[in-house]
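What the coordinates show
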Amino acid sequence: MSIMAAVYAGGWALFVWVGDSWWQLLVAAALAVIFAQLGFLAHDLGHRQVFRTRRPSDIAGLIIGNLGVGLGWGWWTTKHNKHHANPNHEDHDPDVSPAVIVWSQEQARRSAGLPRFIAKYQAFWFFPLLTLEAWHLHIASFKALFQGTAKRPAIELTLLITHVVVYFGAVFAVLPFGKALLFLVVHQGLFGVYLGSTFAPNHKGMPVLTKEDKLDFLRKQVLTSRNVRGNLFTDVALGQLNYQIEHHLFPNMPAPNLRKAQPIVERYCAEIGVDYLQTGLVESYGQALRHLHEVGAPLR
């Protein structure tokens with residue numbers, strides 16, 4: 001966390017130092033990576049992996065999420081906990097509720113308007129649409145604060161507004177209008193693509209559950225999740241979410257320990273006859289995109 005705080009400050013110091021230059025587009029790309037890495041830290045805080053008690057977790061989460069990145073801590077943790085309780089479940093997992101992208105052929109048949117148009121060839125639309133994901137998360141964070149469900153609406157709103165004012169103020173103070181707009185497009189676009197690219201391998205293309213499926217906890221978590229094998233670079237780049245199966249079985253386990261749990265879980269699944277899927281990063285994207293294309297088949 002200390003390293004990321006220094007890197008975050010360094011990224012913005014570099015932005016100010018570079019000034020009015022087209023090199024700022026590279027700075028925007030670097031800041032997109034930094035924002036995503038901060039998002040991984042917020043994710044771990046949300047699962048109580050970092051501190052023993054709730055209060056410091058919430059304080060750090062609000063600072064990193066709302067103030068640092070501009071994403072609503074309370075809204076996201078509530079949404080993410082629902083996902084963990086019922087991963088890839090059509091009725092209970094908000095991550096597979098039909099929106100612009102649909103996740104099952106039944107959802108595709110029920111779709112209308114823009115989702116129906118996109119669904120026909122959504123595998124080709126998937127990564128381009130991720131360029132809008134960061135904007136979607138920012139807007140959803142604000143909307144959630146006005147729906148009457150937030151625990152700390154005043155604090156969260158203050159921190160989000162502070163982030164927006166400082167972020168846009170800095171960009172438009174340092175760069176002329178045209179370059180500032182391009183900086184925003186590159187930064188937020190790559191931020192969304194990076195986030196989406198780390199989440200897509202985890203569950204996309206895995207079985208989508210319905211109310212007809214009656215699975216115990218272990219099978220519900222393992223059969224809907226996919227691990228991505230790799231090395232230290234993969235672990236860092238994916239925020240250690242490449243150990244998705246272990247993370248879903250033990251969501252409070254500190255992320256650095258997931259790689260140690262992985263062979264134990266894999267052996268146990270083999271002993272009890274539960275399919276355990278682990279693949280390479282490129283193949284994980286291939287499986288996810290093939291699934292999205294198959295989902296749209298009834299509309300083609």
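Rules used throughout
- Residues numbered from 1 in each chain as written.
- Predicted model: local features only at pLDDT ≥ 70, side-chain atom pairs only at ≥ 80, totals over all residues.
- Heavy atoms only, no water.
- Salt bridge = Lys/Arg side-chain N within 4 Å of Asp/Glu carboxyl O.
- Helix = DSSP H or I, 4+ residues; strand = E, 2+ residues; numbered from the N terminus.
- Buried < 20%, exposed > 50% of the residue type's maximum accessible area, 1.4 Å probe, protein only.
- Core = buried A, V, L, I, M, F, W, Y, C linked by side-chain atoms within 4.5 Å.
- Contact = heavy atoms within 4.5 Å.
- Phe/Tyr/Trp six-rings, centres within 6.5 Å; stacked < 30°, edge-to-face > 60°.
- Lys NZ or Arg CZ within 6 Å of the ring centre and 35° of its normal.

Details of the pattern of salt bridges
Evaluation of the coordinates by the stated rule reveals eight salt bridges. The partner of Arg 152 in a salt bridge is Asp 58, with the nearest N and O atoms 2.7 Å apart. Of this pair, Arg 152 sits in the loop between α8 (133-144) and α9 (153-174) while Asp 58 is found in helix α3 (residues 54-69), placing the two residues 94 residues apart along the sequence. Overall, the relative accessible area of 23% leaves Arg 152 in the partly exposed class. When its relative accessible area of 8% is taken as the criterion, Asp 58 is described as buried. The salt bridge partner of Glu 283 is Arg 290, with a shortest N-O separation of 2.7 Å. Given a relative accessible area of 43%, Arg 290 falls into the partly exposed group. Where salt bridges share partners, they join Arg 48, Asp 58 and Arg 152 into one cluster.

A closer look at the nonpolar core
Generally speaking, a soluble globular protein has its nonpolar side chains buried in company with each other. Counting 35 residues, the largest nonpolar core has Phe 15, Leu 38, Val 171, Phe 183 and Phe 191 as its most contacted members. Those elements giving two or more residues to this core turn out to be α1 (2-18), α2 (24-46), α3, α8, α9 and α10 (177-203). Element by element, the count of residues in this core is highest for α2, at 12 residues. Those residues in contact with Phe 191, other than ones at most four positions away along the chain, are Ala 32, Phe 35, Ala 36, Val 69, Leu 71, Ala 134 and His 138. Grouped together as the second largest cluster of nonpolar side chains are 10 residues, Trp 103, Ile 118, Leu 130 and Ala 200 included.

Looking at the packing of aromatic side chains
Taken as a whole and judged by the stated rule, the model has 15 aromatic pairs. Taking the centre distance of 6.5 Å and the plane angle of 65° together, the rings of Trp 12 and Phe 35 count as edge-to-face. Of this pair, Trp 12 sits in helix α1 while Phe 35 sits in helix α2, and the two are 23 residues apart along the sequence. Phe 35 gets classed as buried once you look at its relative accessible area, which sits at 0%. Taking the centre distance of 5.0 Å and the plane angle of 50° together, the rings of Phe 15 and Phe 183 count as tilted. Residue Phe 15 is located in helix α1, and its partner Phe 183 is located in helix α10; the two are separated by 168 residues in the primary sequence. Given a relative accessible area of 0%, Phe 183 falls into the buried group. The rings of Tyr 8, Trp 12, Phe 15, Phe 35, Tyr 167, Phe 168, Phe 172, Phe 177, Phe 183 and Phe 191 are connected pair by pair, giving a single aromatic cluster. In this structure, Lys 204 is placed above the aromatic ring of Trp 103, and the distance from its NZ or CZ to the ring centre is 4.3 Å.

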